[in-house]
Amino acid sequence: MAHGARLGSVVVFVQELDRSVSFYADVLALGVADRSPTAALLTSPAGAQLILRAMGLNAPHALGSVGVQYVIWTAAGRDDLERAERHLKNRSAHRQTHTSAAVTLVEGHDPDDITVMIAYPGPDEAPLHELAARIYGW
């Protein structure tokens with residue numbers, strides 16, 4: 001049995017709930033498990049949980065401020081990573097795809113310009129052993 005904390009859920013504040021539910025369901029292949037007029041719970045069969053909360057059109061999200069900047073999702077396999085990349089490109093939301101060592105990282109943005117990253121393989125197969133230069137990009 002593994003010991004130590006694991007990420008359980010991610011909560012993302014968004015401007016418009018419907019467009020964000022559509023985006024994350026499409027790009028990350030998540031299903032809507034529960035929904036209210038201002039929030040939605042999206043889940044995957046593998047146990048990923050994303051909670052979206054609508055905050056209105058004037059809600060800011062400053063990159064480089066204190067707090068979580070982005071989450072790196074793990075694709076189920078190479079085909080799943082390529083599917084996510086296609087969906088980002090179809091939505092004009094793809095920024096770049098980069099391979100470093102054995103890990104490929106697809107970067108895009110959601111409808112509120114929040115960074116979305118999907119990697120394969122994930123930390124179970126290819127754990128990080130050093131800080132990524134990406135964290136110094138602000």
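Data block above holds the structure.
1. What to know about the packing of aromatic side chains
Next, step 1: By the definition in use, this model includes 1 aromatic pair.
Next, step 2: Each ring, one from Phe23 and one from Tyr24, has its centre 5.0 Å from the other, and the planes form 85 degrees; the classification is edge-to-face. The pair Phe23 / Tyr24 is uniform in exposure class, with both members buried.

2. Concerning the side chain of Glu107
Next, step 1: Within the element layout of this structure, Glu107 appears in strand 7 (residues 103–109).
Next, step 2: Taking the relative accessible area as the measure of exposure, Glu107 reaches 6% and is therefore buried.
Next, step 3: Apart from the residues lying within four places of it in its own chain, the contact partners of Glu107 are Leu88, Ala93, His94, Arg95, Gln96, Thr115, Val116, Met117 and Arg134.

3. Focus on unusual backbone geometry
Residues other than glycine predominantly adopt negative phi, and peptide bonds predominantly adopt the trans conformation.
Next, step 1: In this chain, Tyr120 is followed by Pro121 through a cis amide linkage whose omega measures -5 degrees.
Next, step 2: Along the chain, the position of Pro121 falls in the segment after strand 8 (115–120).
Next, step 3: Non-glycine residue Ala29 carries a positive phi angle of around 55 degrees.
Next, step 4: The residue Ala29 is located in the loop between helix 1 (17–28) and strand 2 (31–35) in this model.
Next, step 5: Notably, Ser92 is not glycine yet its phi reads approximately 55 degrees, a positive angle.
Next, step 6: Position of Ser92 among the secondary structure elements: in the loop between helix 2 (78–90) and strand 6 (94–100).
Next, step 7: With relative accessibility at 61%, the residue Ser92 sits in the exposed group.

4. Examining the sheet that holds strand 6
Next, step 1: Taking strand neighbours across the sheet as the criterion, the 4 strands line up as 5-8-7-6 in an open arrangement whose pairing is mixed. The open sheet has two edge strands, strand 5 (72–74) and strand 6, and neither has a second partner. Direction aside, the axes of adjacent strands within the sheet are offset by 25 degrees on average.
Next, step 2: By the bridge criterion, 3 bridges tie strand 5 to strand 8 in an arrangement that is parallel. Bridged to Trp73 within strand 8 is Ile118.
Next, step 3: Each of strand 5, strand 7 and strand 8 touches helix 1; the most contacted strand, strand 8, lies at about 15 degrees to it.
Next, step 4: Together, strand 6, strand 7 and strand 8 form the strand contacts of helix 2, whose direction differs from that of strand 7 by roughly 25 degrees.

5. Structural notes on the sheet that holds strand 2
Next, step 1: In space, the 4 strands of this open sheet follow the order 1-4-3-2, with mixed pairing throughout. At either end of the open sheet lies a strand with only one pairing partner, and these are strand 1 (10–14) and strand 2. Geometrically, the sheet is characterised by an average inter-axis angle of 25 degrees between neighbouring strands, direction not taken into account.
Next, step 2: Inspection of the sheet shows strand 2 paired to strand 3 (residues 39–43) by 4 bridges, in the antiparallel sense. By the bridge assignment, Val32 is partnered in strand 3 with Leu42.

6. A closer look at the pattern of salt bridges
Opposite charge on two side chains lets them pair, provided their charged atoms get close.
Next, step 1: Applying the stated criterion across every chain, the model contains 6 salt bridges.
Next, step 2: Here Asp112 and Arg19 are joined by a salt bridge, their closest N and O atoms 2.4 Å apart. One end of the pair, Asp112, is in the loop between strand 7 and strand 8; the other, Arg19, is in helix 1, and 93 residues separate them in sequence.
Next, step 3: On the basis of relative accessibility, which here comes to 18%, the residue Asp112 falls in the buried class.
Next, step 4: A salt bridge links Lys89 to Glu85; the nearest nitrogen and oxygen atoms lie 3.8 Å apart. Taken as a pair, Lys89 and Glu85 lie in helix 2 at a separation of 4 residues, close to a single helical turn.
Next, step 5: Exposure remark for Glu85: the relative accessible area of 17% places this residue in the buried category.

Calculation criteria
Residues numbered from 1 in each chain as written. Predicted model: local features only at pLDDT ≥ 70, side-chain atom pairs only at ≥ 80, totals over all residues. Heavy atoms only, no water. Phe/Tyr/Trp six-rings, centres within 6.5 Å; stacked < 30°, edge-to-face > 60°. Buried < 20%, exposed > 50% of the residue type's maximum accessible area, 1.4 Å probe, protein only. Helix = DSSP H or I, 4+ residues; strand = E, 2+ residues; numbered from the N terminus. Contact = heavy atoms within 4.5 Å. Pairing = 2+ DSSP bridges. Axes fitted to C-alpha atoms, helices over the stretch in contact; angles between N-to-C directions. Salt bridge = Lys/Arg side-chain N within 4 Å of Asp/Glu carboxyl O.

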